[in-house]
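Survey of secondary and tertiary structure
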Amino acid sequence: MNMPLLEVEHLGFCYEKDKRVFDDISFQFRKGMLYALMGGNGSGKTTILRCLSGILSRDAGSITIAGRSIESLSRQECARLMSVVPQEHTIIFPYLVSNMVIMGRAPYIGSFSNPSEKDKAIAQEAMHETGITHLSDKLYTKISGGERQLVLIARALAQNTPIMILDEPTNHLDFRNQIRVLSILKRLVRDKGLLAIIATHDPNHALNYADEVMILHQGRIISRGSPQEVINSRNIKQVYAVDVEEIRKENLIRGVMPALDHLSRGNFTS
Ligand SMILES: Nc1ncnc2c1ncn2[C@@H]1O[C@H](COP(=O)(O)OP(=O)(O)OP(=O)(O)O)[C@@H](O)[C@H]1O
Ligand SMILES: [Mg+2]
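Residues numbered from 1 in each chain as written. Chains lettered and ligands numbered in written order. Predicted model: local features only at pLDDT ≥ 70, side-chain atom pairs only at ≥ 80, totals over all residues. Heavy atoms only, no water.

1. Here we look at the overall build of the chain
Along the chain, the regular secondary structure elements total 10 helices and 12 strands. Its C-alpha atoms give the chain a radius of gyration of 19 Å, near enough to 18 Å, the size a compact globule of 270 residues would have. Referenced to the eigenvectors of the C-alpha coordinate spread, the extents of the chain come out at roughly 60 × 40 × 40 Å. Evaluated residue by residue, the chain yields a buried proportion of 47% over its 270 residues. When the 32 basic and 29 acidic side-chain charges of the chain are each reduced to a single mean position, those positions are 3 Å apart. (Helix = DSSP H or I, 4+ residues; strand = E, 2+ residues; numbered from the N terminus. Rg over C-alpha atoms; globule rule 2.2 N^0.38 Å. Buried < 20%, exposed > 50% of the residue type's maximum accessible area, 1.4 Å probe, protein only. Lys, Arg positive; Asp, Glu negative; His and termini not counted. Charge placed at Lys NZ, Arg CZ, Asp CG, Glu CD.)

2. Quick notes on the nonpolar core
Judged by nonpolar contacts, the single largest core of 49 residues is most densely connected at Val-101, Ile-132, Val-151, Met-164 and Val-213. Among the elements that take part in this core, helix α5 (residues 145-159) stands out by supplying eight residues, more than any other. Looking at which domains feed residues into this core, each of domain 1 (4-231) and domain 2 (232-270) supplies at least three. For Ile-132, the contacting residues outside a window of four places in its chain are Val-97, Val-101, Met-127, Leu-150, Val-151 and Ala-154. (Core = buried A, V, L, I, M, F, W, Y, C linked by side-chain atoms within 4.5 Å. Domains from an automatic or database assignment. Contact = heavy atoms within 4.5 Å.)

3. Remarks on the domain arrangement of the chain
By domain assignment, the chain separates into domain 1 (4-231) and domain 2 (232-270). For domain 1 versus domain 2, the separation of C-alpha centres amounts to 28 Å. Every contact between the two is made by 15 residues of domain 1 and, on the other side, 11 residues of domain 2. Here domain 1 meets domain 2 over a buried area of about 1100 Å², counting both sides, of which 51% is carbon and sulfur. Interface area lost by domain 1 to domain 2 is led by His-217, Gln-228 and Ile-231, which between them contribute 36%. The tally of links between domain 1 and domain 2 comes to zero salt bridges. Taken together, the links from domain 1 to domain 2 amount to seven residue pairs in polar contact (both at pLDDT 80 or more). Per-element tally for the side of domain 1 that touches domain 2: the top contributor is helix α7 (residues 203-209), with four residues. (Buried area = accessible area lost by both parts, 1.4 Å probe. Salt bridge = Lys/Arg side-chain N within 4 Å of Asp/Glu carboxyl O. Polar contact = N/O pair within 3.5 Å; in protein donor to acceptor, adjacent residues only side chain to side chain.)

4. Some points on the sheet that holds strand β1 (residues 4-16)
Strands sit in the order β2-β1-β4-β5 across an open sheet of four strands; the sheet is antiparallel. The strands lining the two open edges of the sheet, one partner per strand, are β2 (19-30) and β5 (68-69). (Pairing = 2+ DSSP bridges.)

5. Considering the environment of Ser-116
Along the chain, the position of Ser-116 falls in the loop between α3 (97-102) and α4 (117-129). Classification of Ser-116 by relative accessible area gives partly exposed; the value is 32%. Separated by 11 residues in the primary sequence, Ser-116 and Arg-105 place their C-alpha atoms 9.6 Å from one another.

6. Side note on the packing of aromatic side chains
Counted by the stated rule, this structure contains five aromatic pairs. Ring geometry for Phe-13 versus Tyr-15: centroids 4.7 Å apart, planes at 80°, classification edge-to-face. Every member of this aromatic cluster is reached through a ring pair, and the members are Phe-27, Phe-29 and Tyr-35. (Phe/Tyr/Trp six-rings, centres within 6.5 Å; stacked < 30°, edge-to-face > 60°.)

In structure tokens, the structure reads:
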């Protein structure tokens, strides 16, 4: 049996006293799986992902990674196990794009050492895969929002970890690059047995790329399972108060789109 690589039990978190973002969330994440976390704005997706990556300390429950409690892991051990692409990232210092990506190798480079040829080759490969080689010598502060997103994804790829946590990785990306990034993740999950967890707002991304989907709503996971089980008009209506039409092919749901009366009404009221 494929043992869980990441295990969450009775997770609870609040930013402000007595105002729980979520309560009692339990989930097992296995290698070789791509999980999509969905839910409306403010439902707690980023907060969960930040708890999983150790950026936020939870108030309740436990998080176990590769059989060890998250607290028992050093920063370096964490960075060798998990790479994180955050939803928002501001950087003041004008690093070169190539240096930003090579930072993904930091967990493997001694404090007083320089990146090896192997580290540089891995970073170059990550830039090639994400299609940003032409940006190598540009400043991270002087490229577009979508280009910055690709740099962060390349940095995470260069980190070469068994777990990848990506908060809305397709944010800012054009149509082709959205598919490119999701396809890279899917291939790494399939070929290298990685565990990837993404937060996404696009039900069609969850439907077509995830192995398992979970929907967070009002502090609870209200639905989880295969994309075919979870992405349907009933769940979308419950979470987003939007009527959608299911696009089916050979009895499988291939996509959802807002129902025509939503599109033609012109004004939006739930
Ligand atoms: N730093 C913070 N301090 C206090 N409350 C916060 C903070 N960050 C988020 N929140 C609140 O916590 C809740 C969950 O926020 P979170 O960012 O996890 O949502 P999300 O599902 O990622 O939303 P989005 O889809 O907009 O990214 C929201 O009610 C939000 O207002
Ligand atoms: Mg978020």
